[in-house]
Amino acid sequence: PVRARARGGAAAATMSMFSSLSTLFGKESPLKYDVGERYGGWSHCGWQHHKGASKDEPPAPVSVFVYTASSDNDPQLAAARAALKRMRTLRHPHVLKCLDGVEVPNGISGRDPGPVLYIVTEPCAPLPYALGDLDADGLRGNEREEYLAFGLRQLTEAVAFLNVDCKMAHGYVCASAVAVTPELDWKLHAFDFLDSWWDGPGSTMMPPSEGLRAASAVAPAHAACQELIKADWEGLRRAPPWSVDAWGLGCTIQEIFRAPKPFDAVEQLREMQHIPRALAPAYQRMLSSQPGRRLNPKKLLAQCEFFSNPLVDFLGFLDQLALKDSTDKESFFRKMPAALDKIAPVIAKRKVLPLLAKALEFGAAPASGLGSMLKIGKELEEDRFAADVLPVVVRLFSSNDRAVRISLLQNMDSIGPHLSAELVEGQVYRDLEKGFADTSAYLRELTLKTLPMLAPKMKAATLNSSALKHLAKLQVDEEPAIRTNTTICLGNIARYLGEASRKRVLINAFSRALKDVFPPGRAAGLMAMTATACYYSCEELAHRVLPAATPLLVDADASVREKAFACVDAALARLRERDEDVRAGREESDDAKGAPADGGKGMSSLLGWAASAAAAVGTSTGASPMKAPPAGGAIGAASSSGNADAYGAAAGEASRPQQQRPPSHQPRREQEVRSSGPAVVAAAALEDDDDGWGDSEEDLDLDPMSMMSGASQSKHSAMSFTDDGENDGWDSMNSPAPKAAPRPVVPRAVPRKGALAGGKKATKSLKLGAKKRAD
């Protein structure tokens, strides 16, 4: 025996030496987590609760429970090892989740007197600390009582799982055995004394393990039932499995509701003034002096009205969202914004928001839930929003659900300020641009209206190539509101375009808008020309802007005439200023005036201008407002803003012949288009010339050779490129500057196709006759 003890001592010394050497030379620790600071003052059966983090990048927060044995013969070491074993195997939504567990001789440092046990769990805080933080965040009165009911319900469900389903007893249910996660869920842990119950009332066996015996030795008198303290195994054998833990639940209720006053005497269990009235009868039954009459935890949940309140019902529905049918979901999320006003902000941020984000990400929640998530997100700090909300929102942009995409675009005012340039370029715009070509007019318009918000965060190459290609197609869209908003969008993003793109696109695009049969579209073109005049040279103002705008001074629509006068006045003022500079000998180059002093921020009100123009036309025509479309469907004249009715009224005017003014007062081209019927209005409005821009200054030449020459020139012009050398779709729409002395327009009869063919045939026969005579 002496030699055996000597060999054992030598082996222990060798193990200690190798442990120290492995620490000295940097051997990998058996614990893959870093142990941080301790929650001071918290201790349960020798365990200490520390904050921790994983060694991954980025590190994930965890909690680490540490038990340091005084020696290999520590009397509590067996219970601590049992807790480690139980934590690894138990799984329940309201049981603290174990991530890792390890026992290390002499600890990680190798200098501890005995074995050290580490249990790594999901991040959590002791219940007293968590309740103190919630009180500091303003959780008071009825809101606090509703949350305590929610937490006690989760704790009771965990105890019922052990007692009723597993036929086991926790042995030491108290406030110290409860942890609270960052999502404010209550989790049961501290399974040092978890033990199986007797097989039945007639069983003569002692407790199957040492759990209840160990609990009997260490449980304080005020927090454990008398049968356990006195080791009355005979009385417990005839009692149900929940008899021990039901008493512990009653003690926990007293400790929670009497806080911050201490709970340290069994006589304090008789004090009922702290217990809510709805919970008092159940509380008394849990503390019955007869073990067999103590309340079953499952019956407590089913019968006690205290556990039924608006917060518990609200959070319970969110927890079981995957099991609900679509009708219940729609009704629930329709009422959610109003329900959030009645929930404490701290609970909405820490509990509701994670549940809602998870449901949206995995498709369990309808698209209407996005608005509620963003409503909560408005109250978050920027770093919290970036961590909790933004990743979910960015992933939703790739969704194929049209309702989700529409909801995202409708809430871009709340999302856009939080998007970084890297996210916009790398992920958001890549998914967003699909909406430009969507079959839903409503979705196309919403996508269009998000572009000015994202343009400051997009690269110039993306704007000058991809974005302009989509806008070129949308300016000939069949929906009048979309054509109008395309003009507005170009005016708003003009300051972010390259210089060459501005020169090539702006005047051409706005000149095309001036020929739209939709009055708000013409008004938008005039306003956009006025707002972007700072980018035009004086020659462009005189040769291109004024000739395009002056015909609208006599437009049939009053709002269009008003905008035309404003546009002409602004251009003339600029030209007068230049004339004065020339006369005074201080002429400057046109480029010196090419950038606005405010960086173009004055154009940010273009959306409001267009809405006002549409509203004016809708009022003057007396058209009935268009109803808002459903979330996932296409509409006629689409508008996602609050001015949808005005857009709808004006679009209705554009899609039918006008009866408010006589046909003789309408422009000739407009009369022709309207007489052809509503089906050709959108297409015929912009097809005056082969280049797509409607160069009304050019004479119509029907000479076959001239037509061939013009087609060749048009084909050649289509080969021009953007700032980055890529064709963006705008080049074939260039409107050439009018000639200095235009020749008068002489109307000519348009020959029939057969007559033209006959002329060619006669010419050919004459040439053949001359050839025969020469022969």
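The residue numbering used here restarts from 1 in each chain and proceeds along that chain's sequence as written. pLDDT decides what is reported in this predicted model: residues at 70 or higher carry local features, side-chain atom pairs at 80 or more are listed and counted, and totals for whole chains, interfaces and linings draw on all residues regardless. No hydrogens and no water enter the side-chain calculation; it runs on all heavy atoms of the structure.

J.: Would you take a moment to explain the pairing of strand S5 (residues 116-121) for this structure?
T.: By the criterion of burial, S5 is predominantly enclosed, with six of the six residues buried. Each residue is placed in one exposure class: buried if its accessible area under a 1.4 Å probe, protein chains only, is under 20% of its type's maximum, exposed if it is over 50%, and partly exposed if it falls in between. Helix and strand labels come from DSSP, where a helix needs a run of H or I of at least four residues and a strand needs a run of E of at least two; each type is numbered from the N terminus. Here S5 shows a buried face lined by Val116, Tyr118 and Val120 and a second buried face lined by Leu117, Ile119 and Thr121. We treat two strands as partners when DSSP finds at least two bridges between them. Bridge count between strand S3 (residues 61-68) and S5: six bridges; the pairing is antiparallel. Counterpart to Val64 in the pairing with S5 is Val120. In this sheet, S5 lies alongside strand S4 (residues 98-104) in antiparallel orientation, the contact comprising six bridges. Within the sheet, the bridge partner assigned to Glu103 lies in S5 and is Leu117.

J.: It is not clear to me how the state of the cysteines should be interpreted in this structure. Could you clarify?
T.: Put plainly, two cysteines are in a disulfide when a covalent bond ties their sulfur atoms together. Whenever a pair of cysteine sulfur atoms sits within 2.5 Å, that pair is classed as a disulfide. A full pass over the atoms with the stated rule returns zero disulfides. Unpaired in terms of disulfides, Cys174 finds its nearest cysteine sulfur in Cys45, a separation of 7.5 Å.

J.: Please explain the side chain of Asp195 as it appears in this structure.
T.: Within the secondary structure, Asp195 is located in strand S10 (residues 195-196). Despite its burial, Asp195 remains without a salt bridge, the nearest opposite charge being carried by Arg86 at 5.5 Å. Of note is the side chain of Asp195, whose polar atom sits 3.3 Å from the backbone nitrogen of Leu212. Residues counted as positive are Lys and Arg, residues counted as negative are Asp and Glu, and His and the chain ends are not counted. We define a salt bridge as a side-chain nitrogen of Lys or Arg found within 4 Å of a carboxyl oxygen belonging to Asp or Glu. The term polar contact refers here to a pair of N or O atoms within 3.5 Å; inside protein, the definition further demands a hydrogen-donor-capable atom paired with an acceptor-capable atom, and it admits residues adjacent in sequence only when both atoms are side-chain atoms.

J.: Sorry, what's going on with the nonpolar core here?
T.: The tendency in soluble globular proteins is for nonpolar side chains to be buried side by side. Nonpolar cores are built from buried Ala, Val, Leu, Ile, Met, Phe, Trp, Tyr and Cys residues. Side-chain atoms within 4.5 Å join them into one set. If you look at the biggest cluster of nonpolar residues, it comprises 180 residues, and the most contacted ones within it are Tyr147, Trp186, Met373 and Leu419. For this analysis, residues touch if any pair of their heavy atoms sits within 4.5 Å. Those residues in contact with Met373 that lie beyond four places of it in its chain are Leu353, Leu356, Ala357, Leu360, Val389, Val392 and Val393. Judged by nonpolar contacts, the second largest core, of 10 residues, contains Leu31, Val66, Val104 and Tyr118.

J.: Explain the environment of Leu96 to me, please; I cannot follow it from the model alone.
T.: Looking at the secondary structure, you find Leu96 in the loop between helix H2 (77-89) and S4. Through-space distance from the C-alpha of Leu96 to that of Glu122 is 7.1 Å; in sequence the pair is 26 residues apart. The residues touching Leu96, leaving out its near neighbours within four places in the chain, are Phe65, Met87, Thr121, Glu122, Cys124, Ala179, Lys187, Leu188 and His189.

J.: Is there a simple way to explain the packing of helix H21 (residues 460-474) against helix H23 (residues 499-513) in this structure?
T.: Geometry of a packed helix pair, given as the angle between the helix axes and the separation of the axes. Here H21 crosses H23 at 10 degrees, and the two axes come no closer than 13 Å. Classified by the angle between their axes, H21 and H23 sit roughly parallel to one another. Between H21, through Asn464, Leu468 and Ala472, and H23, the contact on the second element is made entirely by Ser501, Arg504, Val505 and Arg512. The classification used treats Ala, Val, Leu, Ile, Met, Phe, Trp, Tyr, Cys and Pro as nonpolar, Asp, Glu, Lys and Arg as charged, and all other residues, Gly among them, as polar. Across the contact of H21 with H23, the residue classes break down as three nonpolar, two polar and two charged. Lines are fitted to the C-alpha atoms to define the axes, a helix being fitted only along its stretch in contact, and any angle between axes, read from their N-to-C directions, falls within 0 to 180 degrees. The scheme is simple: roughly parallel for angles under 35 degrees, roughly antiparallel for over 145, roughly perpendicular for 65 to 115, oblique for anything else.

J.: How do you make sense of helix H3 (residues 127-136) when you look at a structure like this?
T.: The α-helix winds at 3.6 residues per turn, so residues separated by three or four positions along the chain end up facing the same way. Among the residues making up H3, those that are buried are Leu127, Ala130, Leu131 and Leu134. All buried residues of H3 lie within an arc of 95 degrees about the axis, which places them on one face of the element. Buried residues belonging to H3 abut strand S6 (125-126), helix H4 (141-165), strand S8 (178-180), strand S9 (186-188), helix H8 (243-258) and helix H13 (345-361). Of the residues trailing H3, Gly138 is marked for its positive phi of about 95 degrees. Relevant arc is that of directions from the helix axis to the C-beta atoms, nothing else.

J.: What am I meant to see in the packing of aromatic side chains here?
T.: Here the distance between the centres and the angle between the planes together describe a pair of aromatic rings. Any Phe, Tyr or Trp ring, taking Trp's six-membered ring, that has another such ring centre within 6.5 Å forms a pair; planes under 30 degrees apart are called stacked, those over 60 apart edge-to-face, and the others tilted. On inspection of all chains with the given rule, the structure shows 10 aromatic pairs. A ring pair is formed by Tyr147 and Phe150, whose centres lie 6.2 Å apart and whose planes are at 35 degrees; its orientation type is tilted. Of this pair, Tyr147 and Phe150 both sit in helix H4, separated by three residues, roughly a single helical turn. Of the residues examined, Tyr147 reaches a relative accessible area of 1% and is grouped as buried. Classification of Phe150 as buried rests on a relative accessible area of 4%. Taking the centre distance of 6.2 Å and the plane angle of 35 degrees together, the rings of Tyr172 and Phe193 count as tilted. Note that Tyr172 is positioned in the loop between strand S7 (168-169) and S8 and Phe193 in the loop between S9 and S10, a separation of 21 residues in sequence. Phe193 gets classed as buried once you look at its relative accessible area, which sits at 1%.

J.: Explanation requested: the side chain of His44 in the structure shown.
T.: For His44, the location among the structural elements is in strand S1 (residues 33-44). Here His44 falls in the buried class, since its relative accessible area comes to 3%. When sequence neighbours within four positions are dropped, the list of residues in contact with His44 reads Tyr172, Cys174, Ser176 and Ala190.

J.: Explanation requested: the sheet that holds S8 in the structure shown.
T.: Backbone-to-backbone hydrogen bonds pair the strands of a sheet. The strands run either parallel or antiparallel. One open sheet accounts for three strands, arranged S6-S8-S9; its pairing is antiparallel. Of all strands in the sheet, those with a lone pairing partner are S6 and S9, marking the two edges.

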